Each structure stands twice: as structure tokens, then as C-alpha cells.
Amino acid sequence: SKAKLFDEKVDVKTSFKDVAGLEGAKEEVQEIVDFLKFPEKYTALGGKIPKGALLVGPPGTGKTLLARAVAGEAKVPFFSLSGSDFVEMFVGVGASRVRDLFKQAKEKSPSIIFIDEIDAIGRARGKSNMSGSNDERENTLNQLLTEMDGFGTNSNVIVIAATNRADVLDKALMRAGRFDRQIYVDLPDVRERKEIFEVHLRPLKKEEGLDTDFLSKQTPGFSGADIANVCNEAALIAARNGKKAVGKQDFLDAVDRIVGGLEKKNKIIT
Ligand code: ATP
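Residues numbered from 1 in each chain as written. Predicted model: local features only at pLDDT ≥ 70, side-chain atom pairs only at ≥ 80, totals over all residues. Heavy atoms only, no water.

1. What to know about the overall build of the protein chain
Argument step 1. Scanning the protein chain from N- to C-terminus turns up 11 helices and 6 strands.
Argument step 2. Put simply, the protein chain has 270 residues, and 49% of those count as buried.
Argument step 3. A separation threshold of at least 6 residues defines the contact pool for the protein chain, and within that pool the share at least 24 residues apart is 78%.
Argument step 4. Summed over its atoms, the accessible surface of the protein chain is roughly 13,900 Å², and 51% of this surface lies on carbon and sulfur atoms. (Helix = DSSP H or I, 4+ residues; strand = E, 2+ residues; numbered from the N terminus. Buried < 20%, exposed > 50% of the residue type's maximum accessible area, 1.4 Å probe, protein only. Contact = heavy atoms within 4.5 Å. Areas by Shrake-Rupley, 256 points an atom, 1.4 Å probe, with all protein chains shown as cover.)

Okay, here's the thing in C-alpha cells:
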């Protein structure tokens, strides 16, 4: 079976309302929405619209969500792929995949290309990464750089990439006219965790008076993805126990379970 090159979703329903917290990052990407919607407003005085932005931050903090929300707010097609796909699935054809992707995005412009885990292809050249064929990866990276440089100033395709390892990226990626904007997406603080809980509690049947201040204080170090996970797990625990609504104890049990999972994961890494 042929590996899928990328997901194109013209009708992205995600909006900034789905992204809790991250006020600074949202403000920065709002500008990208504006570039996509009103390019002439920005090019009127001879300025060039940026081609790329890099979202940098720990796993599960909402980078993909934010990129999708940009597409949803600007109402443009969203072409997404993951850097790890290149390493795992597109062996031998990485460069041509990149070329196809950009060709399609240009045909559908204004549009967004989202590259998750860009570090998988964008690691500094000439450094081995243990995962085998380095030439292949470098070819792919070079093609990506070529495509970004080849964009006309008015192609109106914006490339958003995400990584939690900005330190390993090839500096060539960050050069002017490429991913020259870096936007930090950090783990949420207690106030932001409360907002994230509110987003993910919306679809649940919950007990009256559930205290989101309490829940946010019980979850230091949790990412948005962890919190989404807690909410879902709590609903499953409550259902398993035959309850009609999700209550405080279900959340505490879910938090325990997720903390257990995180500890195991850390043990494997270290
Ligand atoms: P990774 O680096 O692992 O790819 P990521 O930063 O791209 O992670 P997402 O995939 O966007 O993280 O987040 C996973 C899920 O966690 C989201 O679909 C959403 O349900 C939830 N989530 C994460 N951050 C937030 C947030 N700030 N507000 C609301 N939900 C969030």
C-alpha cells in the first residue's frame, strides 16, 4: 500500500477558541492569519510576506492545534505532514515528496503547509543521527530549503513547522526568508491549565460545581494533551463505574493514571 503523502483539509473547523492559554503565541500567529487573508495590505509598501514560522515547545502543548487554528481562522487549505514520515515511510523519495507537497500547496494558495517534527529532517547537516541514511535526509532537507527559497514573494503559501528540539536544527532553516520567525509554545501555567480544562470539559456530562481551580492545581507539569487525556479518562472511569456524571474523584483517578503513564514513559527514555 502506498503511504499517504499528506493530509489536505480545506475545511478546517479549528479556531482560536479551541486553543486555550497561549496568548502570546496566538497574538503572533494572528499576524499570519492576516497575511493570508489580506496579502495586498502588507505588500502595498514593498514589504515581503514571511514564508515560514517555527513553533517551538515541549510535546503536547498545542503546536499542531495552533497551526490548524491558523488555517481555520484564515479559511485556507491545510497541508500537513510529519518529519518522521520522511524517515519511516518515504525512504528514497523524500525530496520528490517535498516537491509535490509545495506544488499542490501553491496550486491551492493561499494555503498553509504544516511540518510537524521538522527536526526529523531538519537536523544540522553532517551530523549523524543514528537512524541510518543521512544522505537521504539531507536531500530532503535541501529540497525543503530550495522550495522555500523558490517561493515568489506573492505565492501566499506559509509554511509552519513545529519542533521540540530547536537546538538540533540546521541553522540554514532559520535564515531570513525561511523559518525566520520563532514562536514559543510553552507548558501551561496553573491559570492556563484551568482554561484548557474548561475547553476539554465542555463536551462532558459533569457533576454540578466541579472545581476547575482545584483540577488545575492538581496537574503541575501537565501539557494540554495530558489535560485532554485526563478529561477523557475521567469520563471513561465514571462510565465504567456506572455513574451518570463525571465527578471530582474520577478526575483524581484519571490524574493518577496519567501520572503513572508519564513516569513509565520517562523511565524508558532515561
Ligand atoms: P507534539 O509536539 O507532540 O506534536 P503538539 O504541541 O503539536 O504536540 P497538539 O498535537 O496540538 O500538541 O496537542 C494535542 C492535543 O492536546 C490537542 O489536539 C488538544 O486536544 C490538546 N491541547 C494541547 N494544547 C492545548 C491548548 N493550549 N488548548 C486546548 N487543547 C490543547
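Now that the structure is up, let's keep going.
2. Let's talk about empty space enclosed by the protein
Argument step 1. Inspection of the entire model under this criterion finds 1 cavity of 30 Å³ or more.
Argument step 2. Empty space within the largest cavity amounts to approximately 30 Å³.
Argument step 3. Every residue lining the largest cavity is listed: Leu81, Phe86, Val98, Leu101, Phe102, Ile115, Ile121 and Leu144.
Argument step 4. Counting residues per element, the lining of the largest cavity draws most heavily on helix α5 (residues 94–107), which supplies 3 residues.
Argument step 5. Class assignment of the residues belonging to the lining of the largest cavity gives a composition of 8 nonpolar, no polar and no charged. (1 Å grid on protein atoms, 1.4 Å probe; cavity = no way out; pocket = protein on both sides within 12 Å on 5 of 7 lines; lining within 4 Å. Points joined across faces, edges and corners; volume = space filled by probe spheres on them. Nonpolar A, V, L, I, M, F, W, Y, C, P; charged D, E, K, R; others polar.)

3. Notes on the pairing of strand β3 (residues 78–82)
Argument step 1. Of all 5 residues making up β3, 5 are buried, and the element is well covered by its neighbours.
Argument step 2. On β3, burial covers both faces: Phe78, Ser80 and Ser82 on one face and Phe79 and Leu81 on the other are all buried.
Argument step 3. Where β3 lies against strand β4 (residues 111–116), 5 bridges are found, and the strand directions are parallel. Looking at β4, one finds that serine 80 is bridged to phenylalanine 114. (Pairing = 2+ DSSP bridges.)

4. Side note on the environment of aspartate 119
Argument step 1. Here aspartate 119 shows up in helix α6 (residues 119–122).
Argument step 2. The class for aspartate 119 is buried, based on a relative accessible area of 11%.
Argument step 3. A C-alpha to C-alpha distance of 29 Å links aspartate 119 and valine 190, two positions 71 residues apart in sequence.
Argument step 4. For aspartate 119, the contacting residues outside a window of four places in its chain are Ala162, Thr163, Asn164, Arg165, Val168 and Leu169.

5. Side note on helix α3 (residues 63–74)
Argument step 1. Relative to the 16 Å expected for 12 residues at 1.5 Å per residue, α3 spans 17 Å between its end C-alpha atoms, a close match to the ideal helical length.
Argument step 2. Those residues of α3 lying buried are Lys63, Leu66, Ala67, Ala69, Val70, Ala71, Gly72 and Ala74.
Argument step 3. Considering only its buried residues, α3 is in contact with α1 (23–37), β2 (52–56), β3, β4 and β5 (157–163).
Argument step 4. Looking one or two places after α3, you find lysine 75, whose phi comes out positive at around 55 degrees. (Expected span 1.5 Å × (residues − 1).)

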